[in-house]
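Architecture and fold: a report
Spelled out from the first residue to the last, the chains are:
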Amino acid sequence: MSSRDVAQLLDLTDPLAHFRDQFSIGNPDQIYLDGNSLGRLPQKTIELLTEVVGEQWGNGLVGGWKGWYDLPSRLGAKVGQIIGGDSDEVLVCDSTSVNLFKLTVAALQARPGRHKILTDDANFPSDVYVSTGVAKLVGEIEVEVVSISGEFADVAERIIERIDANTALVSLSHAHFKSGYLYDLERITRASHDAGALSLWDLSHSVGAVPIDLRSAGADFAIGCTYKYLNGGPGAPAFLYVRREIQDGVFSPIWGWFGQRDPFEFNLTYTPQAGIGRFLAGTPPILSMSAIEPGVDMLLDAGMKAIRTKSVAQTAFLIDMADQFLANFGIRVISPRSDWQRGSHVSLSHPSAWQIAQALIHEANVIPDFRAPDVLRLGITPLSTTYMELVEAVERLLRILESNSFLNYPEAKSTVT
Ligand SMILES: *Cc1c(COP(=O)(O)O)cnc(C)c1O
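Predicted model, so just to flag it, every value in this text is computed and none were measured.

This part is about the overall build of the protein. Looking only at helices and strands, one finds 14 helices and 13 strands in the protein. A compact globule built from 417 residues would reach a C-alpha radius of gyration of about 22 Å, and the protein, at 22 Å, matches this within 12%. Principal-axis analysis of the C-alpha atoms gives the protein an extent of 70 × 55 × 40 Å. With 417 residues in all, the protein has 55% of them scored as buried. A sequence separation of at least 24 residues applies to 73% of the contacts in the protein between residues at least 6 apart.

In structure tokens, the structure reads:
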């Protein structure tokens, strides 16, 4: 059977196929493989935002706060169902980077006498920056960045052997943004706890793509964005998770009035709320926060198990095609080949990846993304990506490679990728 025949069959029998119609898809010929950077727009979000702006804000005015005030925890509870956190353990608020800052400081304060944050060199730059910035702010903290480049086989061991009695916090991304490598969250968390350290997981590249169970893994802290696989929209607020058992012993470094116990008493002494609420800072961005709900509802409706099953099948299908058709042109699959070690994107490397990405966008109507210096990332979002799109994308890429048309594009890259 040809790849096209296989794709046709898989699309016909795909139990999630109908979800594609729930997205706004402007140009059906465009193959969008960047949902792990910015997820598609759910149709429902258009109606919802019209309602929030026109009715709730336009007519309700300040009275709208009756419904808005608990949005961070109401949405947090829904996100919690996707990441295995209870409703009193998750909030939607601020950005991923800001939440990382808050939780990193909280973790260091909860482990006085320990002087190390452990992370790895495949982490998202903002994560390493924030860790380093916090270390400088708090003082006498070292950020150890474990090099995990190369093989994926013993990544977990290389991290675990660096966790010691001086480690306050192990701060890692669950799925690596470049390669798609997926950590065994439970195993690393257990090793952190065995050494008396806390664990913080950045779920930005795994939430909505991979089933996650923070509670059963025992994770202490987690953060993540909502504009990738959760389809919350550009710059949508992020979420944070703090394990219930440690909540009352950890504190946000941002003593904002939304985290105060009685914000409407307006007294000048800060007493943190009991529980997760202390990690709120100030007035939430209601418009962009409201936009998160429809995407999260779709994921809950589809179920993370079904999403993961399709994601694994699609990434494996894409890797097979890359091996079969693209390897001859110097394209190498750099994502893990074992399904359980891979998130929902497939990364290909090629010395001219930047030029190839330009050719895909400008002459093939395929939207990948590029990560310096040589990585072409193809993100799969099972709720909208079809198998046939993957075949089409590979065929279009093949034409670009065969014709060398990518050489017509400049080697220099522009700022937003
Ligand atoms: C996308 C992403 C971020 C982005 O952080 P923002 O504060 O939303 O800009 C952070 N960490 C990881 C791992 C990401 O994938």
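This structure, assessed with the given rule, holds 14 aromatic pairs. Measuring from centroid to centroid gives 5.9 Å for F317 and Y387, while their planes differ by 65°, and the two rings are edge-to-face. Here the residue F317 occupies a position in helix α12 (residues 304-326), and Y387 occupies one in helix α14 (residues 387-403), the gap between them amounting to 70 residues. Neither F317 nor Y387 differs from the other in exposure class; each is buried. An aromatic cluster is defined as three or more aromatic residues linked by ring pairs; in this entry it consists of Y69, W257, F258, F264 and F266.

Neighbouring the ligand are the residues S95, T96, S97, F124, D127, S173, D202, S204, H205, C225, Y227 and K228. H205 has a polar side-chain atom sitting 2.8 Å from an oxygen atom of the ligand. Residue Y227 places a side-chain N or O atom 2.6 Å away from an oxygen atom belonging to the ligand. Across the complex, the protein chains shield 86% of the 390 Å² of accessible surface that the ligand would expose by itself. For the ligand, the cavity whose grid points lie within 2 Å of the majority of its atoms is the second largest pocket. When grouped by side-chain class, the residues that make up the shell around the ligand number three nonpolar, six polar and three charged.

Moving on: the layout of surface pockets. The space that makes up the second largest pocket amounts to roughly 240 Å³. As for the second largest pocket, its lining consists of 24 residues, of which T96, S204, C225, Y227 and K228 are closest to the centre. Take the lining of the second largest pocket: its biggest share by element is three residues, from helix α5 (residues 96-110). Of the residues that constitute the lining of the second largest pocket, the class distribution is eleven nonpolar, nine polar and four charged.

Let's shift gears to a nonpolar patch on the surface. A contiguous nonpolar surface patch, about 500 Å² in accessible area, is contributed by V53, W57, L61, V62 and L287. With respect to the helices and strands, L287 occurs in helix α10 (residues 286-290).

Counting 49 residues, the largest nonpolar core has I83, I159, Y183, W201, L203, L214 and L383 as the members making the most contacts within it. When neighbours within four sequence positions are excluded, L214 is seen to be in contact with I83, G84, L185, L203, A219, A222 and Y241. Core analysis: the next-biggest nonpolar cluster, separate from the first, contains 36 residues, L318, A322, L326 and V394 among them.

In the contact formed by helix α13 (residues 353-364) and α14, the axes pass within 10 Å of each other and the chain directions differ by 115°. In this view, α13 runs roughly perpendicular relative to α14, as classed from their interaxial angle. The handedness of the crossing between α13 and α14 comes out as right-handed. Between α13, through I356, A359, L360, E363 and A364, and α14, the contact on the second element is made entirely by R396, L397, I400 and L401. Residues that form the contact of α13 with α14 fall into these classes: seven nonpolar, no polar and two charged.

Criteria and cut-off values
- Residues numbered from 1 in each chain as written.
- Predicted model: local features only at pLDDT ≥ 70, side-chain atom pairs only at ≥ 80, totals over all residues.
- Heavy atoms only, no water.
- Helix = DSSP H or I, 4+ residues; strand = E, 2+ residues; numbered from the N terminus.
- Rg over C-alpha atoms; globule rule 2.2 N^0.38 Å.
- Buried < 20%, exposed > 50% of the residue type's maximum accessible area, 1.4 Å probe, protein only.
- Contact = heavy atoms within 4.5 Å.
- Phe/Tyr/Trp six-rings, centres within 6.5 Å; stacked < 30°, edge-to-face > 60°.
- Near = heavy atom within 4 Å.
- Polar contact = N/O pair within 3.5 Å; in protein donor to acceptor, adjacent residues only side chain to side chain.
- Areas by Shrake-Rupley, 256 points an atom, 1.4 Å probe, with all protein chains shown as cover.
- 1 Å grid on protein atoms, 1.4 Å probe; cavity = no way out; pocket = protein on both sides within 12 Å on 5 of 7 lines; lining within 4 Å.
- Sits in = over half its atoms within 2 Å of the grid points.
- Nonpolar A, V, L, I, M, F, W, Y, C, P; charged D, E, K, R; others polar.
- Points joined across faces, edges and corners; volume = space filled by probe spheres on them.
- Patch = residues over 30% accessible without salt bridge, like charges linked within 9 Å, V, L, I, M, F, W, Y side chains within 5 Å.
- Salt bridge = Lys/Arg side-chain N within 4 Å of Asp/Glu carboxyl O.
- Core = buried A, V, L, I, M, F, W, Y, C linked by side-chain atoms within 4.5 Å.
- Axes fitted to C-alpha atoms, helices over the stretch in contact; angles between N-to-C directions.
- Parallel < 35°, antiparallel > 145°, perpendicular 65-115°, else oblique.
- Left-handed = near helix turned anticlockwise from the far one by under 90°.

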